[in-house]
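What follows is each chain in one-letter form.
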Number of protein chains: 2
Amino acid sequence: MDSSITIFGDWGTSRLRLYLRQGKSVLDRRDGPGIGALKASPRETFLELVGDWREAKPSLALLCGMVGSRNGWQEAAYAPCPANAADIRQRLLHIDADGLPVAIVPGLSCRNALGGPDVMRGEETQILGALALNPDLAKGRHLLALPGTHTKWVVVEDGAITSFLTAPVGELYALLREHSILAKAAPGDGPESPEGFARGVARIIEQGPARLAHLIFETRSRQLLDNLPKDEAMGFLSGLLIGSDVAATASWFGDLGQVSLIGAPALGALYAQAIAAHGGSCVAVDGDSAVLAGLSTLSPAQNSGVHVLA
Amino acid sequence: MDSSITIFGDWGTSRLRLYLRQGKSVLDRRDGPGIGALKASPRETFLELVGDWREAKPSLALLCGMVGSRNGWQEAAYAPCPANAADIRQRLLHIDADGLPVAIVPGLSCRNALGGPDVMRGEETQILGALALNPDLAKGRHLLALPGTHTKWVVVEDGAITSFLTAPVGELYALLREHSILAKAAPGDGPESPEGFARGVARIIEQGPARLAHLIFETRSRQLLDNLPKDEAMGFLSGLLIGSDVAATASWFGDLGQVSLIGAPALGALYAQAIAAHGGSCVAVDGDSAVLAGLSTLSPAQNSGVHVLA
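Throughout, a residue's number is its position along its own chain's written sequence, starting from 1. For naming, the first written chain is A and the first written ligand is 1, with later ones following in the order written. In keeping with the model being predicted, local features are shown solely for residues with a pLDDT of at least 70 and side-chain atom pairs are shown and tallied solely at 80 or more, while totals for entire chains, interfaces and linings include all residues. Side-chain measures here rest on the full set of heavy atoms in the structure, leaving out hydrogens and waters.

**Student:** Sorry, what's going on with the overall build of chain A here?
**Tutor:** Within chain A, the secondary structure is distributed over 11 helices and 14 strands. As defined in this context, the radius of gyration uses C-alpha atoms, and a globule is described by 2.2 Å times the residue total to the power 0.38. A compact globule built from 310 residues would reach a C-alpha radius of gyration of about 19 Å, and chain A, at 21 Å, matches this within 12%. For chain A, the spread of C-alpha atoms along the principal axes amounts to about 65 × 45 × 30 Å. Each residue's exposure class comes from its accessible area (1.4 Å probe, protein chains only) as a fraction of the maximum for that residue type: buried when under 20%, exposed when over 50%, partly exposed otherwise. For chain A, the residues scored as buried account for 58% of the 310 residues in total. In this text, helices come from DSSP runs of H or I with a minimum length of four residues, and strands from runs of E with a minimum of two, each type numbered from the N-terminal end.

**Student:** Teacher, can you tell me more about helix α9 (residues 265-277) of chain A here?
**Tutor:** Residue pairs three or four apart in sequence face the same way in an α-helix, which turns once every 3.6 residues. All names here are of chain A. For α9, with 13 residues, the first-to-last C-alpha span of 18 Å sits near the 18 Å given by 1.5 Å per residue. Tucked inside the fold, the buried residues of α9 contact β11 (151-157), α4 (169-179), α5 (194-207), α8 (230-253), β13 (258-263) and β14 (281-286). Within two residues after α9, G279 carries a phi angle of roughly 85°, on the positive side. In this analysis, the expected span of each helix is defined as 1.5 Å times one less than the number of residues it contains. Should any heavy atoms of two residues lie within 4.5 Å, those residues are counted as being in contact.

**Student:** Before we go on, may I ask you to explain the side chain of K152 of chain B in this structure?
**Tutor:** Note that K152 of chain B resides in strand β11 (residues 151-157). At 2.8 Å, the side chain of K152 of chain B forms a polar contact with the side chain of T166 of chain B. Side-chain atoms alone can form a polar contact between residues adjacent in sequence; in general such a contact is a pair of N or O atoms within 3.5 Å, and within protein one must be able to donate a hydrogen while the other accepts it.

**Student:** How should I be thinking about the relation of the copies chain B and chain A in this particular structure?
**Tutor:** Relating one copy of the chain to the other takes a rotation about an axis and a shift parallel to that axis. Screw-axis analysis of chain B against chain A gives a translation of 0.0 Å along the axis, an RMSD of 0.0 Å, and a rotation angle of 180°. Read as a symmetry element, the transformation amounts to a two-fold axis. By C-alpha distance to the rotation axis, the residue of chain B lying nearest is A210 of chain B, at 1.8 Å. Of all interface residues in chain B, 100% are interface residues in chain A too; the two copies therefore contact each other through one and the same surface. Superposing copies: least-squares fit, C-alpha atoms only, residues required to have pLDDT of at least 70 in both.

**Student:** Please explain the environment of P209 of chain A as it appears in this structure.
**Tutor:** Mapped onto the elements, P209 of chain A comes out in the loop between α5 and α6 (212-216). In the structure, P209 of chain A is positioned 98 residues away from R111 of chain A in sequence and 22 Å away in space, judged by C-alpha atoms. Not counting residues within four places of it along the chain, the set of residues in contact with P209 of chain A comprises I204, S244, A247 and A248 of chain A together with P209 and A210 of chain B.

**Student:** I tried to follow the packing of α4 of chain A against α8 of chain A on my own but got confused; where do I start?
**Tutor:** When two helices pack together, you describe them by how their axes are tilted relative to each other and by the distance separating the axes. Residues and elements named next belong to chain A. Throughout, an axis means a line fitted to C-alpha atoms (over the contacting stretch in the case of helices), and angles, computed between N-to-C directions, take values from 0 to 180 degrees. Look at α4 against α8: their axes get within 10 Å of each other, and the N-to-C directions meet at 155°. Considering the angle they form, α4 stands roughly antiparallel to α8. Regarding α4 and α8, the two cross each other, and that crossing is right-handed. Along its contact with α4, which presents V169, L172, Y173, L176 and R177, the element α8 presents M234, L237, S238, L241, I242 and D245. Gly falls in the polar group here, along with every residue not listed as nonpolar (Ala, Val, Leu, Ile, Met, Phe, Trp, Tyr, Cys, Pro) or charged (Asp, Glu, Lys, Arg). Partitioned by chemical class, the residues of the contact of α4 with α8 number 8 nonpolar, 1 polar and 2 charged. An angle below 35 degrees is read as roughly parallel, one above 145 as roughly antiparallel, one from 65 to 115 as roughly perpendicular, and any other as oblique. It is the rotation of the near helix from the far one that decides the hand of a crossing: anticlockwise by less than a right angle makes it left-handed, clockwise makes it right-handed.

**Student:** When you look at the sheet that holds strand β12 (residues 160-167) of chain A in this model, what are you seeing that I'm missing?
**Tutor:** In a beta sheet, neighbouring strands pair by backbone hydrogen bonds and run either parallel or antiparallel. Residues and elements named next belong to chain A. Across the sheet, 5 strands lie side by side as β12-β11-β10-β13-β14; this open sheet has mixed pairing. In this open sheet, the two strands that pair with only one neighbour each are β12 and β14. For this sheet, the mean angle separating the axes of adjacent strands, direction not counted, is 25°. By definition, two strands form a pair when at least two bridges between them are found by DSSP. Note that strand β10 (residues 141-146) and β13 share 3 bridges and pair parallel.

Spatial relationships are all this shows, so hold off on functional conclusions.
As structure tokens, this is what we get:
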């Protein structure tokens with residue numbers, strides 16, 4: 001049994017989660033600032049947070065996410081698709097932090113289904129984790145979705161990430177909700193209503209995703225003319241954006257089939273609803289569990305055996 | 001010859017333009033704050049700006065734009081489409097400002113081509129002005145576009161506004177340019193490059209407007225992976241947004257044919273380029289001239305004769 005001590009880290013734009021591990025057990029957990037909210041350098045921030053954990057003599061700290069971006073600790077060049085766990089493991093960026101070996105997981109790049117360049121950083125680890133947690137996904141062709149600020153749609157084939165496509169749906173929603181005239185037509189600041197969301201999804205199915213920019217204006221006009229309450233208008237806007245993302249993805253991937261949804265449950269539930277409206281079904285994978293499982297898969301020490309067997 | 005003294009006003013969200021007129025001549029012009037930037041009430045602001053003009057004993061002040069909105073001076077209820085000049089003139093909202101008669105032009109509402117509620121306020125006056133300036137437009141069926149924060153596509157038939165559709169393209173562009181992670185991938189703050197714009201328009205023609213939300217992410221990924229300069233990325237984003245608006249409109253209106261473009265020349269030139277890429281052609285109508293011509297058309301005193309003849 002593996003009893004080595006390692007540190008795992010999920011270091012994104014808005015938060016850092018560090019885990020002290022012995023074998024597969026988590027001994028301790030600490031949170032820190034995201035790459036977008038640092039007050040000191042990534043190296044200083046990391047070493048201060050790790051602190052007394054070093055007494056346990058960890059053999060490695062394995063970090064994924066924006067820590068490997070141009071604005072992070074050190075840039076870990078994108079690995080090209082198709083890429084499986086072994087490909088990514090070979091491209092870990094190894095650096096030294098005051099005597100502690102640190103490895104940073106590279107992001108992935110691809111030419112996406114539209115022929116454009118596409119990138120991810122952090123999601124690759126969650127995807128490999130989902131494959132480790134659900135071995136059925138590691139065989140055959142499957143569609144995964146990681147909803148968020150920049151939603152990723154991912155195709156895996158026989159355990160390798162072959163292609164993906166980014167939809168900045170969460171960012172568009174936040175921009176429109178916080179800053180637009182469209183949202184300001186009526187006062188209020190409640191949660192989005194489920195009825196509004198369902199209506200937005202249905203409107204996209206009725207008119208097609210090519211109409212998105214025109215339909216978005218209804219967020220305002222229905223408040224002005226039909227007295228649509230603000231919470232319904234915001235639900236409607238969310239339904240339009242997520243609905244058009246799912247509709248355009250369905251036409252790209254073909255039959256949606258069963259989609260594995262990785263990430264936060266609340267946003268995942270909205271995607272599940274829109275996917276169901278397009279004839280697909282969903283299984284949910286917890287995002288934090290996926291990160292830990294993915295880092296396990298990518299850990300050079302723990303997985304050298306798996307690598308040889310593959 | 002008509003030598004009556006009137007005041008015309010174009011009072012939008014961001015600015016007020018007032019004209020003192022005798023017959024068809026402009027005697028004086030004054031600018032003031034938009035409805036969105038008032039420091040006093042609309043009534044006080046108006047009376048202070050008009051000031052000594054009242055010595056000329058104007059018979060009426062005719063105002064169009066957001067002055068007639070819920071947040072303006074007093075709400076002038078939307079007139080339903082189809083509506084021609086006579087219909088709108090009958091629905092002028094008459095109020096008194098310290099002894100000076102004021103008439104506010106109502107906005108228009110319709111069920112648009114997508115079956116949704118749609119509204120405009122201010123553009124109706126420019127459209128009627130374009131018809132007055134170009135009598136060919138007052139016969140048959142024509143497509144007009146008023147590019148802006150909320151671009152309006154308008155169908156006129158035999159002098160009446162029968163239908164319109166709003167695309168909040170300018171607002172989406174400004175939100176993405178100012179606030180998004182997509183725009184921030186590279187530094188720089190120059191004007192959009194024409195090459196980037198043309199590439200964005202071409203990308204939409206290639207992939208279809210249903211892909212807009214996915215293609216928008218290329219604004220970021222092309223900066224990260226292809227070292228696209230910021231000015232080209234912003235041009236590309238503008239081309240995607242305007243290109244998808246034109247593409248979706250073309251599928252709604254049928255053959256674009258000759259489109260009359262009302263408004264600011266710089267933005268109009270971008271729309272003209274995207275319309276040409278979709279096989280249409282354009283004629284430009286100056287926005288300020290259109291407002292004045294439209295207010296002339298709507299002025300009860302000056303146009304009672306026209307009304308009787310119609």
